[in-house]
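# Report on the structure
Now for the letters of each chain:
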Amino acid sequence: MKIHNVIKKNVRGQNAYAIEERECAIKMDANENPHALSPALRKELFDTLSRIPLNRYPAAGSPSLRRLFAEKYHVHENMILIGNGSDELIQVLLTALVASSKRGVVVPVPTFAIYRIAALNTGHQVLEIPLDERFDLDLDAILNMIARRNPEVVFLSYPNNPTGNCYSDDRVLPIIQASPGIVVVDEAYHHFSDRTFLPRLKEFNNLIILRTLSKVGFAALRIGVLIGHAEVVRELNKVRLPYNLNTLSQTAAEFFFSHEKEFVAQTENIVSHREWLMKEMKAIRGIRTYPSDSNFILFSCQDDKDGVYENLLQRGILIKNFGNLGPLRDCLRVTVGTGSENAAFVEALKGILNR
Ligand SMILES: Cc1ncc(COP(=O)(O)O)c(C=O)c1O
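Residues numbered from 1 in each chain as written. Predicted model: local features only at pLDDT ≥ 70, side-chain atom pairs only at ≥ 80, totals over all residues. Heavy atoms only, no water.

With that settled, consider the sheet that holds strand β8 (residues 223–227). One open sheet accounts for 7 strands, arranged β2-β8-β7-β6-β5-β3-β4; its pairing is mixed. Of all the strands in the sheet, the pair left with one neighbour each is β2 (80–84) and β4 (126–130). Direction aside, the axes of adjacent strands within the sheet are offset by 25° on average. Pairing analysis gives 5 bridges linking β2 to β8, with the strands arranged antiparallel. Its bridge partner being in β8, I80 is matched across the sheet by I227. (Pairing = 2+ DSSP bridges. Helix = DSSP H or I, 4+ residues; strand = E, 2+ residues; numbered from the N terminus. Axes fitted to C-alpha atoms, helices over the stretch in contact; angles between N-to-C directions.)

Here the focus is the nonpolar core. In terms of nonpolar packing, the biggest core is built from 59 residues, with F69, I80, V172, I175, F218 and I227 touching the most fellow members. Top contributing element to this core by residue count: helix α11 (residues 247–258), with 5 residues. Of the domains in this structure, domain 1 (3–38 + 261–353) and domain 2 (52–259) are the two that each give at least three residues to this core. With sequence-adjacent residues up to four places away left out, I80 is seen in contact with R66, F69, A70, Y73, V75, V225, L226, I227 and V233. Of all hydrophobic cores here, the second largest spans 30 residues; its members include M28, Y309, I317 and F345. (Core = buried A, V, L, I, M, F, W, Y, C linked by side-chain atoms within 4.5 Å. Buried < 20%, exposed > 50% of the residue type's maximum accessible area, 1.4 Å probe, protein only. Domains from an automatic or database assignment. Contact = heavy atoms within 4.5 Å.)

To continue, consider the environment of L198. Within the secondary structure, L198 sits in the loop between α9 (190–193) and β7 (207–212). Apart from the residues within four sequence positions on either side, L198 is in contact with Y73, E187, I209, R211 and I227.

Using the criterion set out here, one finds 12 aromatic pairs in the structure. Each member of the aromatic cluster is reached from another via a ring pair, and the members are F69, Y73, F218, F256, F257 and F263. We note R333 situated over the ring of F296; from NZ or CZ to the ring centre the distance is 5.5 Å. (Phe/Tyr/Trp six-rings, centres within 6.5 Å; stacked < 30°, edge-to-face > 60°. Lys NZ or Arg CZ within 6 Å of the ring centre and 35° of its normal.)

Quick look at the site of the ligand now. Residues in contact with the ligand amount to 14 residues; listed here are only the nearest, S86, D186, T212, S214 and R222. A distance of 2.9 Å separates an oxygen atom of the ligand from a polar atom in the side chain of K215. Relative to its unbound accessible surface of 390 Å², the ligand loses 93% to contact with the protein. In terms of residue class, the shell around the ligand is built from 4 nonpolar, 6 polar and 4 charged. (Near = heavy atom within 4 Å. Polar contact = N/O pair within 3.5 Å; in protein donor to acceptor, adjacent residues only side chain to side chain. Areas by Shrake-Rupley, 256 points an atom, 1.4 Å probe, with all protein chains shown as cover. Nonpolar A, V, L, I, M, F, W, Y, C, P; charged D, E, K, R; others polar.)

Turning our attention to the sheet that holds strand β13 (residues 331–335). Taking strand neighbours across the sheet as the criterion, the 4 strands line up as β9-β10-β13-β12 in an open arrangement whose pairing is antiparallel. At either end of the open sheet lies a strand with only one pairing partner, and these are β9 (287–289) and β12 (320–321). Inspection of the sheet shows strand β10 (residues 296–301) paired to β13 by 5 bridges, in the antiparallel sense. If you follow F299 over to β13, its bridge partner there is L332. Taken strand by strand, helix α12 (residues 260–282) contacts β9, β10 and β13, and its axis lies near 10° from that of β10.

So, about the pattern of salt bridges. Tallying each qualifying case throughout the model produces 17 salt bridges. Salt-bridge contacts for K72 lead to E260; the nearest nitrogen and oxygen are separated by 2.5 Å. Placement of the pair is K72 in helix α4 (residues 63–73) and E260 in helix α12, with a sequence separation of 188 residues. Overall, K72 belongs to the partly exposed group, its relative accessible area being 31%. Here R116 ties to E128 by a salt bridge, and the two come within 3.3 Å at their closest N and O atoms. (Salt bridge = Lys/Arg side-chain N within 4 Å of Asp/Glu carboxyl O.)

Once that is clear, we can look at a nonpolar patch on the surface. There is a patch of nonpolar side chains on the surface, built from M1, I3, V6, I7 and V11 and spanning about 490 Å² of accessible area. Inspection of the secondary structure puts V11 in helix α2 (residues 9–12). Residue V11 is classed as partly exposed on the basis of its relative accessible area, which comes to 32%. (Patch = residues over 30% accessible without salt bridge, like charges linked within 9 Å, V, L, I, M, F, W, Y side chains within 5 Å.)

Take the pairing of β13 next. For β13, the buried fraction is high: 5 of the 5 residues fall into the buried class. Side chains C331, R333 and T335 of β13 all project onto a buried face; the interleaved residues L332 and V334 project onto the opposite face, where all are buried too. Here 2 bridges tie β12 to β13, and the two strands are oriented antiparallel to one another. Bridge pairing links K320 to R333 in β13.

Here is the structure:
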């Protein structure tokens, strides 16, 4: 067998998504919630999970969860699709969409890597459009592309990972209005920005909102939510695998609803720590921070960012590094940690840059 005869060219042309697995005492690289569940909640959750019949398949399509999310978002449950993380929902969407060589998928860059990867895997052309110098959308370039190529979908990460900011609403809106295709507003970091396009679903049948429980404390459980028009969701449901979300995750997500206050208190705590961290980082010479509406901060280093990254790692702190090409070539990204983790990070960074 010749591998190029059986594997798609688009797949062969990629590298597998690499997750940096490095030993560290303080993990600030993956935009997770740094807080564990309280021991009492953890016990309650695990007691509930221990009663699950593991010999049975999960509820197909996560019906009770769909109802809970529908109530929460004030939409009909036929507008909700539950995924194994929002990653899976991105893949489901791209699998269902027409993939034409004359059209394509608009991805403002830099942004979340999975849009490009999943688009290539599903046979789409990727139309990358650089963000402007403030990491906002280049509205003219995107509208131009929409007019020329009639893209199947536009992906907008709002707030954007890894830059941290929400795009200007008055740039997002014209894109939704002008798009004959789908526009995904990915609100994975909604809990830290408090901004949303969800109410706009009433006006636009091409709008899809993505949410996830990964950033609020359940990253291990992979619970993503897609909210869109019923006729779109109906089609996507044909692509979704029947038992895509396991019973442990479905049950834990229901638990989330009955204890949402505790989770929200943690996200509020993260937002106030983000403000502290931002203030401290702004005072450090040799780096430049970018505004954040998320649970992480992007910053650029005047020189030797790889040295800064490795030095932090030697001190037990793992953050996210980016490749040495493109607009993030000087940048690193730190996820907001607990109070003591943030303090340790700031001390370490000062120590490294003031040597
Ligand atoms: C913008 C964005 N969307 C989606 C995801 C993936 O979320 P999930 O864990 O639900 O697959 C991430 C994760 O980092 C993200 O940054």
